[in-house]
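Reading the structure
Residue-level listing of the chains:
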Amino acid sequence: YLTSIVVHEAVHVQQFYINQDLGNNPSLLKQCMIEGGADIITALLLDGKFINEHIHAYADSLEEEIWEEFKLEMHNSSFGDWLYTGSPKANGRPADLGYYVGYKVVEHFYENATDKKAAIKEYLETSDFTAFLEKSGYEEKFD
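Throughout what follows, the structure given in this document is the object of discussion. Remember, it's a predicted structure, so these values are computed and weren't measured experimentally.

1. Details of the pattern of salt bridges
- Applying the stated criterion across every chain, the model contains nine salt bridges.
- Ionic pairing is found between Glu-68 and Lys-71, a salt bridge with its closest N-O pair at 3.2 Å. Note that Glu-68 and Lys-71 are positioned in helix H5 (residues 63-71) at a spacing of three residues, about one turn of the helix.
- With relative accessibility at 33%, the residue Glu-68 sits in the partly exposed group.
- One salt bridge connects Glu-107 with Lys-104, and the closest N-O pair in it is separated by 3.0 Å. Of this pair, Glu-107 and Lys-104 both sit in helix H6 (residues 97-111), three residues apart, which is roughly one turn of that helix. As far as the burial class goes, Glu-107 and Lys-104 line up, both buried.
- One salt-bridge network, held together by shared partners, links Asp-60, Lys-104 and Glu-107.

2. As for the packing of aromatic side chains
- Following the criterion strictly, the structure yields nine aromatic pairs and no others.
- Between the aromatic rings of Tyr-123 and Phe-132, the centroid separation amounts to 5.9 Å while the plane-to-plane angle is 65°, which identifies the pairing as edge-to-face. Side by side, Tyr-123 and Phe-132 carry an identical accessibility label, which is buried.
- Clustering of aromatic rings is evident, with ring pairs tying together Trp-67, Phe-70, Trp-82, Tyr-138 and Phe-142.
- When the ring centre of Trp-82 is taken as reference, the NZ or CZ atom of Arg-93 above it lies at 5.3 Å.

3. Quick word on H6
- A rise of 1.5 Å per residue sets the reference length of H6, with its 15 residues, at 21 Å; its end C-alpha atoms lie 21 Å apart and thus fit the reference within 8%.
- Counted residue by residue, H6 has 14 buried out of 15 residues, so it is predominantly covered.

4. Quick word on the environment of Tyr-84
- Considering the arrangement of structural elements, one finds Tyr-84 in the loop between H5 and H6.
- For Tyr-84 and Gly-98, which are 14 residues apart along the polypeptide, the C-alpha to C-alpha distance reads 9.0 Å.
- If near-sequence neighbours (up to four positions away) are discounted, Tyr-84 is found in contact with Gln-31, Glu-35, Phe-79, Asp-96 and Tyr-99.
- Among the polar contacts made by the side chain of Tyr-84, one reaches the side chain of Glu-35 at a distance of 2.6 Å.

5. Thoughts on the nonpolar core
- Trp-67 and Phe-70 are the most contacted members of the largest nonpolar core, which has 40 residues in total.
- Listed by contribution, the elements that provide at least two residues to this core are helix H1 (2-14), helix H3 (28-45), helix H4 (53-59), H5, H6, helix H7 (116-125) and helix H8 (129-136).
- The residues touching Phe-70, leaving out its near neighbours within four places in the chain, are Leu-28, Leu-29, Cys-32, Trp-82 and Val-101.

6. Observations regarding the packing of H1 against H3
- Where H1 meets H3, the closest approach of the two axes is 8 Å, and the angle between their N-to-C directions is 125°. Between H1 and H3, the angle is such that the two are oblique. Crossing angle aside, the handedness with which H1 passes H3 is right-handed. Facing Ser-4, Val-7, His-8, Val-11 and His-12 of H1, the residues of H3 in contact are Ile-34, Glu-35, Ala-38, Asp-39, Ile-41, Thr-42 and Leu-45.
- Residue composition of the contact of H1 with H3, grouped by class: six nonpolar, four polar and two charged.

7. A closer look at the packing of H6 against H7
- At a minimum axis distance of 9 Å, the contact between H6 and H7 shows a crossing angle of 145°. Taken as a pair, H6 and H7 cross one another with a handedness that is right-handed. Between H6, through Val-106, Phe-109, Tyr-110 and Glu-111, and H7, the contact on the second element is made entirely by Lys-116, Ala-119, Ile-120, Glu-122 and Tyr-123.
- Looking at the contact of H6 with H7 residue by residue, the classes come out as six nonpolar, no polar and three charged.

Criteria and cut-off values
- Residues numbered from 1 in each chain as written.
- Predicted model: local features only at pLDDT ≥ 70, side-chain atom pairs only at ≥ 80, totals over all residues.
- Heavy atoms only, no water.
- Salt bridge = Lys/Arg side-chain N within 4 Å of Asp/Glu carboxyl O.
- Helix = DSSP H or I, 4+ residues; strand = E, 2+ residues; numbered from the N terminus.
- Buried < 20%, exposed > 50% of the residue type's maximum accessible area, 1.4 Å probe, protein only.
- Phe/Tyr/Trp six-rings, centres within 6.5 Å; stacked < 30°, edge-to-face > 60°.
- Lys NZ or Arg CZ within 6 Å of the ring centre and 35° of its normal.
- Expected span 1.5 Å × (residues − 1).
- Contact = heavy atoms within 4.5 Å.
- Polar contact = N/O pair within 3.5 Å; in protein donor to acceptor, adjacent residues only side chain to side chain.
- Core = buried A, V, L, I, M, F, W, Y, C linked by side-chain atoms within 4.5 Å.
- Axes fitted to C-alpha atoms, helices over the stretch in contact; angles between N-to-C directions.
- Parallel < 35°, antiparallel > 145°, perpendicular 65-115°, else oblique.
- Left-handed = near helix turned anticlockwise from the far one by under 90°.
- Nonpolar A, V, L, I, M, F, W, Y, C, P; charged D, E, K, R; others polar.

If you want it as structure tokens, here you go:
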């Protein structure tokens, strides 16, 4: 577990947008893609291990429902219950489902890329998260 935390945090150091704007102009979408993208890269480097596996165990069967809920809030500047809450809901819903959404968007982009190395580089260097989401094709997955 400690290794996945270290790798996750090391990925943040490589993220262009973190180093350029130091977290200014936050949107829920941006922050979820920063965190979830760090998780997917961690999983790729550590044979599927990453810090938020428990969230995926809950969310995988509810992916479309979670996406439909998230997309209504993704351009908000507040993170609500999506990030950094730390406490699960009384109904069993885990905290920080935003990590899951960001992971799934970046994962979809990566899995559909012919050049995997270029896909990771593009993700790490993006500064337009709305355009990245569109390019990922993730939302069309549910049409």
